[in-house]
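In case you want the letters, here they are:
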Amino acid sequence: MHGAIMPERWNPNNAPVFNLSKTDDWETPTDLLLMAQNYFDFEPTLDVCATKFNKKCNLFIKTQALNMNWRLPFFMNPIYSKAKDWIFHAYEQHKKWNVSGLALLFSKTDTLAWHDCILGWDENGNPKAEILWIKGRVHFWKNGKRSVNPAPYPSAFVFWRAK
């Protein structure tokens, strides 16, 4: 017999599945954000992806952030279903206003957004961003409670430092 060897207890009816949520409004764990702020020696002024319940800065943008200019040092834990749009806008704002920004993102390094806005070097030969890889999977929060299951993908903090 040819093909893959399956573990003895493997059962296709019990195959693991990702616990993907039907909602995007997860809160960043405060201790995780503080670790990143210390690592990058950065304190954001503006949370661009927040509500009054999950904001991580005194100033926050509740809606339409992708249609606004971000002239203040910012933090974002973007809606992961639209992460590409947020990454491109964040990088554009960083370059346009020479502002620092910190983002908590899934580590999807094979995507165009990561290659165009995070990995590699800019036109001056400087790194586009600094990256802090997070060991393990993040447990996000919702309504003041830690999620039972971790995120389905690894995450990283991306930091665009003002020049």
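Cut-offs used in this document
- Residues numbered from 1 in each chain as written.
- Predicted model: local features only at pLDDT ≥ 70, side-chain atom pairs only at ≥ 80, totals over all residues.
- Heavy atoms only, no water.
- Pairing = 2+ DSSP bridges.
- Helix = DSSP H or I, 4+ residues; strand = E, 2+ residues; numbered from the N terminus.
- Contact = heavy atoms within 4.5 Å.
- pLDDT = per-residue confidence, 0-100.
- Buried < 20%, exposed > 50% of the residue type's maximum accessible area, 1.4 Å probe, protein only.
- Salt bridge = Lys/Arg side-chain N within 4 Å of Asp/Glu carboxyl O.
- Phe/Tyr/Trp six-rings, centres within 6.5 Å; stacked < 30°, edge-to-face > 60°.
- Lys NZ or Arg CZ within 6 Å of the ring centre and 35° of its normal.

*Asks:* Now, about the sheet that holds strand β3 (residues 74-76): what can you tell me, with residues and values included?
*Replies:* The sheet built from six strands is open, its strands ordered β2-β1-β3-β4-β8-β5 with mixed pairing. Unpaired on one side and paired on the other, β2 (59-60) and β5 (130-133) mark the two borders of the sheet. Strand direction decides the pairing type here: β5 and strand β8 (residues 155-160), joined by four bridges, are antiparallel. Counterpart to isoleucine 131 in the pairing with β8 is valine 158.

*Asks:* Talk me through the environment of proline 73; I want residue IDs and the actual numbers.
*Replies:* Checked against the element boundaries, proline 73 lands in the loop between β2 and β3. Between the C-alpha atoms of proline 73 and tryptophan 160, which are 87 residues apart in sequence, the distance is 9.8 Å. Sequence-distant contacts of proline 73, defined by excluding residues within four places in its chain, comprise Phe42, Glu43, Pro44, Thr45, Leu46, Val99 and Ser100.

*Asks:* Give a detailed account of the confidence of the model for the protein, specifying residues and quantitative values.
*Replies:* Summary statistics for the protein give a mean pLDDT of 86 and a share of 85% for residues scoring 70 or more. Counted against residues more than four places away or in other chains, residues 1-20, with its pLDDT under 50, gives three contacts.

*Asks:* Give me the lowdown on unusual backbone geometry, citing residues and values where you can.
*Replies:* Despite not being glycine, glutamine 64 shows a phi value in the positive range, around 65 degrees. Along the chain, glutamine 64 turns up in the loop between β2 and β3. One non-glycine residue, asparagine 98, lies in the positive phi region at around 50 degrees. Residue position: asparagine 98 is located in the loop between α2 (83-97) and β4 (101-106). Looking at asparagine 98, the relative accessible area reads 39%, which means it is partly exposed.

*Asks:* Please set out the pattern of salt bridges residue by residue, giving values where relevant.
*Replies:* Applying the stated rule across the entire model yields two salt bridges. As a salt-bridge pair, lysine 56 and glutamate 27 come within 3.0 Å of each other at their nearest N and O atoms. Highlighted residues: lysine 56 in the loop between β1 (46-47) and β2 and glutamate 27 in the segment before α1 (30-40), separated in sequence by 29 residues. Glutamate 27 sits in the buried class, given a relative accessible area of 19%. A salt bridge links arginine 161 to glutamate 130; the shortest N-O distance between them is 2.7 Å. Separated by 31 residues along the polypeptide, arginine 161 in the segment after β8 and glutamate 130 in strand β5 bring together distant segments of the chain. Among the residues examined, glutamate 130 registers a relative accessible area of 29% and is labelled partly exposed.

*Asks:* Quick rundown of the packing of aromatic side chains? Include the residues and the values.
*Replies:* According to the stated counting rule, one finds nine aromatic pairs in the structure shown. Judged by centre distance (6.2 Å) and plane angle (25 degrees), the rings of tryptophan 70 and tryptophan 86 are stacked. Of the two residues, tryptophan 70 is situated in the loop between β2 and β3 and tryptophan 86 in helix α2; the sequence distance between them amounts to 16 residues. With a relative accessible area of 0%, tryptophan 70 lands in the buried category. Note on tryptophan 86: relative accessible area 7%, which makes it buried. Each residue in the set Tyr39, Phe40, Phe42 and Phe159 is aromatic and connected to the rest through ring pairs, giving one cluster. For the cation-ring pair, arginine 71 lies above tryptophan 97, with the distance from its terminal atom to the ring centre recorded as 3.9 Å. Geometry around tyrosine 153 places lysine 108 over its ring, the cationic atom sitting 4.1 Å from the centre.

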